[in-house]
Amino acid sequence: QTNLYVKEKKLVKFDLDKFLALAPRDRFFEFQVFLGVEEKLQTRLIIVPVPKQAAEERRRKLKQDYQKKGKTPSQKTLNRLDWNLFVTNVDPSVLPSSTIPIVYRIRWQVELTFKLAKSDAQLDHTLSQKPNRVLCEFYARLISLCGAFRSTPRTA
């Protein structure tokens with residue numbers, strides 16, 4: 001739902017869906033784009049193809065979710081599932097395009113870990129209003145989480 005612009009002589013609206021429909025699926029793409037309606041933020045858009053099997057699985061899950069809500073996904077939405085789209089403002093010299101999918105996968109694992117920590121350990125709840133007590137509860141819950149993560153069986 002965000003407007004994308006590319007700079008030619010002036011900023012021109014970028015039709016992402018038209019590009020994706022014509023793009024060959026054997027390589028990734030990177031563009032300098034500007035995001036926004038009024039204030040335009042300069043960013044990098046990295047477009048990486050998804051393996052066909054993964055794209056089909058994404059479509060299956062999306063159709064299932066839409067069906068539960070009594071809706072049908074648009075063809076445009078279904079077509080976008082063939083690609084991973086990454087937006088960043090980190091300079092390419094710091095974060096090359098080829099490493100972005102790896103970094104985002106790791107970042108997602110960190111997000112899931114924090115989500116688990118918040119829900120299982122209830123880090124956002126406390127039994128006290130005294131600052132030292134709150135801090136002690138917080139540390140105790142973090143310590144218990146570390147023990148739970150260490151004792152969780154890992155699969156290779």
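Here, the structure is the one placed above.
Keep in mind the model is a prediction, meaning the values are calculated, not measured.

K.L.:
Would you mind showing me how to read the overall build of the chain here?
P.N.:
Counting its secondary structure elements, the chain contains five helices and five strands. Start at the N end of the chain and walk to the C end: the helices and strands fall as β-β-α-β-β-α-α-β-α-α. Since a compact globule built from 156 residues should have a radius of gyration of about 15 Å, the 21 Å found for the chain marks it as more spread out than a globular shape. For the chain, the spread of C-alpha atoms along the principal axes amounts to about 60 × 35 × 35 Å. Residues counted as buried form 26% of the 156 residues belonging to the chain. Each charge sign in the chain was given a centre, from 29 positive and 16 negative side chains, and these centres are 3 Å apart.

K.L.:
Explain the nonpolar core to me, please; I cannot follow it from the model alone.
P.N.:
In summary, soluble globular proteins display a tendency toward joint burial of nonpolar side chains. Among the nonpolar cores identified, the biggest contains 12 residues, and these are L4, V6, F14, L16, L20, A23, F29, V33, L35, L45, I47 and W83. Every element with two or more residues in this core is listed here: β1 (4–7), α1 (16–22), β3 (29–35) and β4 (41–49). Broken down by element, the residue count for this core peaks at three residues, all from β3.

K.L.:
Whenever I open this one, the pattern of salt bridges confuses me. Can you help?
P.N.:
Side-chain pairs of opposite charge can arise where the charged atoms are in close proximity. Here the structure, examined in full by the defined rule, presents eight salt bridges. Close ionic contact of R60 with E57 constitutes a salt bridge, the shortest N to O distance being 2.5 Å. Of this pair, R60 and E57 both sit in helix α2 (residues 52–68), separated by three residues, roughly a single helical turn. Across the pair R59 and D82 runs a salt bridge, and its minimum N-O distance is 2.8 Å. Here R59, found in helix α2, pairs with D82, found in the loop between α3 (75–80) and β5 (83–88); they are 23 residues apart in sequence, far enough to count as distant. On the basis of relative accessibility, which here comes to 17%, the residue D82 falls in the buried class. Salt bridges sharing partners connect three or more residues here, namely E56, R59 and D82.

K.L.:
Whenever I open this one, helix α4 (residues 100–121) confuses me. Can you help?
P.N.:
Note on helix geometry: an α-helix contains 3.6 residues per turn, so any two residues three or four positions apart are oriented the same way. Compared with the 32 Å implied by 1.5 Å per residue over 22 residues, the 31 Å span of α4 between its first and last C-alpha is a close match. Turning to α4, its buried residues number three or more, namely I100, P101, A117 and A121. Where α4 terminates, the next one or two residues include Q122, which has phi positive at roughly 50°.

Calculation criteria
- Residues numbered from 1 in each chain as written.
- Predicted model: local features only at pLDDT ≥ 70, side-chain atom pairs only at ≥ 80, totals over all residues.
- Heavy atoms only, no water.
- Helix = DSSP H or I, 4+ residues; strand = E, 2+ residues; numbered from the N terminus.
- Rg over C-alpha atoms; globule rule 2.2 N^0.38 Å.
- Buried < 20%, exposed > 50% of the residue type's maximum accessible area, 1.4 Å probe, protein only.
- Lys, Arg positive; Asp, Glu negative; His and termini not counted.
- Charge placed at Lys NZ, Arg CZ, Asp CG, Glu CD.
- Core = buried A, V, L, I, M, F, W, Y, C linked by side-chain atoms within 4.5 Å.
- Salt bridge = Lys/Arg side-chain N within 4 Å of Asp/Glu carboxyl O.
- Expected span 1.5 Å × (residues − 1).

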